[in-house]
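Structure assessment
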Number of protein chains: 2
Amino acid sequence: MNTKLDESQISIVSGGAGFIGNQIIGRLISEGRGVAVVDNFSRGLRAHLDVFAHNSLLHIIEADLSIRRECMNAFDVAATKGRVVEVWHLAANSDIPAGVADPDVDLKDTFLTTFELLRCMKIFGIKSFHFASSSAVYGDLGSTPLHEGIVPLLPISNYGAMKLASEAQASAAAESFLERVNIFRFPNVVGIPATHGVIFDFILKLLSNQDVLHVLGDGSQQKAYMHVSDLVDAMFTVSSSKINEKIEVINIGPVDEGVSVRWIAEQVVARVSPYAKIKYGNGNKGWVGDVPRFNYSTDRLQSYGWSPKLNSSEAIIRAIDEIAIQKGF
Amino acid sequence: MNTKLDESQISIVSGGAGFIGNQIIGRLISEGRGVAVVDNFSRGLRAHLDVFAHNSLLHIIEADLSIRRECMNAFDVAATKGRVVEVWHLAANSDIPAGVADPDVDLKDTFLTTFELLRCMKIFGIKSFHFASSSAVYGDLGSTPLHEGIVPLLPISNYGAMKLASEAQASAAAESFLERVNIFRFPNVVGIPATHGVIFDFILKLLSNQDVLHVLGDGSQQKAYMHVSDLVDAMFTVSSSKINEKIEVINIGPVDEGVSVRWIAEQVVARVSPYAKIKYGNGNKGWVGDVPRFNYSTDRLQSYGWSPKLNSSEAIIRAIDEIAIQKGF
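Residues numbered from 1 in each chain as written. Chains lettered and ligands numbered in written order. Predicted model: local features only at pLDDT ≥ 70, side-chain atom pairs only at ≥ 80, totals over all residues.

To continue, consider the interface of chain B and chain A. Counting residues at the interface gives 31 residues for chain B, matched by 31 residues for chain A. Elements that contribute at least two residues to the side of chain B that touches chain A include exactly helix 4 (103–124), helix 5 (158–176) and strand 12 (247–251) of chain B. Residue contributions to the side of chain B that touches chain A peak at 11 residues, all from helix 5 of chain B. Split by residue class, the side of chain B that touches chain A holds 19 nonpolar, nine polar and three charged. (Contact = placed C-beta atoms within 7 Å. Helix = DSSP H or I, 4+ residues; strand = E, 2+ residues; numbered from the N terminus. Nonpolar A, V, L, I, M, F, W, Y, C, P; charged D, E, K, R; others polar.)

What follows deals with the relation of the copies chain B and chain A. With an RMSD of 0.0 Å, chain B superimposes on chain A once it is rotated by 180° and translated 0.0 Å along the axis. Here the transformation between the copies is reduced to the relation of a two-fold axis. The share of interface residues of chain B whose copies in chain A are also at the interface is 100%, consistent with both copies meeting through the same surface. (Least-squares fit on C-alpha atoms with pLDDT ≥ 70 in both.)

Attention now moves to the packing of helix 6 (residues 198–208) of chain B against helix 10 (residues 312–326) of chain B. Residues and elements named next belong to chain B. Contact geometry for helix 6 and helix 10: axes closest at 10 Å, N-to-C directions at 45°. Looking at the two axes, helix 6 sits oblique to helix 10. The way helix 6 lies across helix 10 gives a crossing that is right-handed. Of helix 10, the residues touching helix 6 (which contributes Ile199, Phe200 and Ile203) are Ala319, Ile320, Ile323 and Ala324. Considered class by class, the residues forming the contact of helix 6 with helix 10 number seven nonpolar, no polar and no charged. (Axes fitted to C-alpha atoms, helices over the stretch in contact; angles between N-to-C directions. Parallel < 35°, antiparallel > 145°, perpendicular 65-115°, else oblique. Left-handed = near helix turned anticlockwise from the far one by under 90°.)

The next point concerns the sheet that holds strand 4 (residues 83–89) of chain A. Pairing between the strands of a sheet comes from backbone hydrogen bonds, and it takes one of two forms, parallel or antiparallel. Residue and element names in this part refer to chain A. Taken in spatial order, the seven strands line up as 3-2-1-4-5-7-12 in an open sheet, and their pairing is parallel. The two strands at the open ends of the sheet, each matched to only one other strand, are strand 3 (58–62) and strand 12 (247–251). The mean angle between the axes of side-by-side strands here comes to 20°, regardless of whether they run parallel or antiparallel. Pairing of strand 5 (residues 128–134) with strand 7 (residues 180–186), which is carried by seven bridges, proceeds in the parallel orientation. The residue bridging Ser134 from the neighbouring strand is Phe186, located in strand 7. (Pairing = 2+ DSSP bridges.)

Residues and elements named next belong to chain B. Looking at the secondary structure, you find Ser241 in the loop between helix 7 (228–239) and strand 12. You can call Ser241 partly exposed: it has 13 C-beta atoms within 10 Å. C-alpha separation for the pair Ser241 and Leu49, spaced 192 residues apart in sequence, amounts to 28 Å. (Buried ≥ 20, exposed ≤ 12 C-beta atoms within 10 Å, placed from the backbone.)

Residues and elements named next belong to chain B. Strand order in this open sheet of seven strands is 3-2-1-4-5-7-12, and the pairing throughout is parallel. Every other strand in the sheet has two partners, leaving strand 3 (58–62) and strand 12 as the edge strands with one partner each. Strand after strand, the sheet turns through a mean of 20° between neighbouring axes, direction not considered. On top of the sheet, helix 4 reaches strand 1 (9–14), strand 4 (83–89) and strand 5 (128–134); it is set at about 165° to strand 4, its chief contact. Helix 5 contacts strand 5, strand 7 (180–186) and strand 12 of the sheet and is inclined by roughly 160° relative to strand 5.

Turning our eyes to something else, we now look at the domain arrangement of chain A. All names here are of chain A. What the domain assignment lists for chain A is domain 1 (9–189 + 226–251) and domain 2 (191–224 + 256–293 + 310–326). Listed by partner, the interface residues are 23 residues for domain 1 and 16 residues for domain 2. Of the residues contributing to the side of domain 1 that touches domain 2, the split by class is 10 nonpolar, nine polar and four charged. (Domains from an automatic or database assignment.)

On to the environment of Ala98(A). Residues and elements named next belong to chain A. Residue placement: Ala98 occurs in helix 3 (residues 96–101). The class for Ala98 is partly exposed, based on 17 C-beta atoms found within 10 Å. Along the sequence, Ala98 and Tyr159 sit 61 residues apart, while their C-alpha atoms lie 9.1 Å from each other.

What follows deals with the nonpolar core. Residues Val37(A), Ile199(A), Leu231(A), Val37(B), Ile199(B) and Leu231(B) are the most contacted members of the largest nonpolar core, which totals 210 residues. Apart from residues no more than four positions distant in its own chain, Leu231(A) is found in contact with Ile20(A), Phe186(A), Val189(A), Met226(A) and Ile252(A). (Core = buried A, V, L, I, M, F, W, Y, C linked by C-beta atoms within 7 Å.)

Take the packing of helix 2 (residues 68–81) of chain B against helix 4 of chain B next. Residues and elements named next belong to chain B. Relative to each other, helix 2 and helix 4 sit at 45°, their axes nearing to 10 Å. Between helix 2 and helix 4, the interaxial angle falls into the category oblique. The interaxial crossing formed by helix 2 with helix 4 has right-handed handedness. On helix 4, the residues that touch Arg68, Cys71, Met72, Phe75 and Ala79 of helix 2 are Glu116, Leu117, Cys120 and Phe124. Each residue belonging to the contact of helix 2 with helix 4 can be placed in one class, and the counts come to seven nonpolar, no polar and two charged.

It is worth spelling out helix 5 (residues 158–176) of chain A at this point. With 19 residues, helix 5 of chain A extends 27 Å between its outermost C-alpha atoms, agreeing within 8% with the 27 Å of an ideal straight helix rising 1.5 Å per residue. The buried fraction of helix 5 of chain A amounts to 18 of the 19 residues, a majority that puts the element mostly inside the structure. (Expected span 1.5 Å × (residues − 1).)

Here the focus is unusual backbone geometry. All names here are of chain A. The peptide bond linking Ile192 to Pro193 adopts the cis configuration, its omega dihedral lying at 0°. Along the chain, the position of Pro193 falls in the loop between strand 8 (188–190) and helix 6 (198–208). In this structure, Phe41 is a non-glycine residue whose phi angle is positive, near 55°. Positionally, Phe41 belongs in the loop between strand 2 (34–39) and strand 3. Of the residues examined, Phe41 has 16 C-beta atoms within 10 Å and is grouped as partly exposed.

The subject of this paragraph is the environment of Ser240(A). Position of Ser240(A) relative to the elements: it lies in the loop between helix 7 (228–239) and strand 12. Along the sequence, Ser240(A) and His89(A) sit 151 residues apart, while their C-alpha atoms lie 16 Å from each other.

Here it is, written out as structure tokens:
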């Protein structure tokens, strides 16, 4: 971080065509850094990269990073663009229910992408790894405050399990060859370009039926949400800070109590289809692996002197408007 | 556990030809339970099963559980022997340096065996999973007491990483379909049939050169050791107890401070080759991923009213004698 940045230094961003990866690219390019985005375009859209079109700092490499030869090839190509100095690893399955139905999805898209990336980083001598982990590594601990180092890690979804597996592999890599690992445990994040998530799902449902919105669960699930602009800002604050340890594991999240699914449903309907009726299901979980509510400690993040600009309700309102526009409302 | 045991109930023991799996089989058979041992005989030896030869309770299935069709086939065969009610998962890479040199070893032998086993357990409706995890999931936390739920999990070896990945997958499986998961975090275990470990290595070295014993590191590494007879007894105490949660994560280990590598080397030499000279290397780690010393909390295990019969030095002395005999001294 203290070497002079120039175009010949390249950051690899895996999953750069996805929601958060896209925003990471934007931030890197705005800082004048060269970026090699690697994506298989399975969930992320090529169109999400159009906003950077013709920017000479951006290189697009299509590859499935869970497949060894494709991963190796991606690193070979990236190395022709400049000196690769770091990897931002955002590629992953983002569909928790899909991973519950078929564990292979999280194995391949979440864990094996991490495994193969780290393997190539060792081969190519790349020392800095920034990983998009998840609060899902904690599982469902009720109202126990989720501090980074003082609760058991018992994920309840294959998604969370493979995020934790990835953290573990990155931790071992830090001992073996990495010089800096940032493990960012993400909260629920909202914003654009949306590819999934509760707001996105509600708007899609209202696009296909403007009269009624069916909500999984009874709507009482309460979660805290962070806007992607705040998330990315927190990640760059941490990644550009000096730390004593090789590894920083850090919860990123808002400091408020969050909002209920019911409240979100009402806001989406108000913005998109004011006359729609909202119908709720049963129970306070939306699906197997869904954690209904948690108490997420962000003390460590706050020790960096950072706090989010938007609270959960402000983040949701802004994201609803952004996604509504993205979907043509 | 509260149903009547009979020969038609089968326990699958993966890695049953290995060191600890072998002892698990002995315990199950001594209790009159049917056992299907599944092993690929890559590190475990078929000869280790000779002690059970002609016992009608034992069924031997050769399969590499990390390969989907072989795992499925093993479950198919086991199901022809009786009703499979539980899986004891001992199959894993046991060679930490091998996994540091080539992460594929731990990926395949430690993690993918777990992944495929759990996948088959779901398909076959088997609800009880006993997993041999490791203190290596904690990494190197210096003198921090290692309690099951209140320290970060930052493994420093691929071995530890893939044990943690396996725990994570088992945890997600508990939410999805398992009724009981016991995650046993093993200490350093000694005894026979030895296939690896410090005593085994020292004796092998003295077999090839009876005059000098070269020790990795300066010999100051201090670790606590448990005899395999105590380990297995602890596992069965926990697995036969009723607990409130679906998942029990439990450190198994002795309560003493442990012994140094130097002391072990001296005991091995005294037993096997009294005139050999011991030569030490540098540093207090034997290899990348080796944790020099740790403070392992066994409060949770003690809450079961269980304690080991042998302390570290007694366990080492007994194991040296057992392994010396195994190797023909």
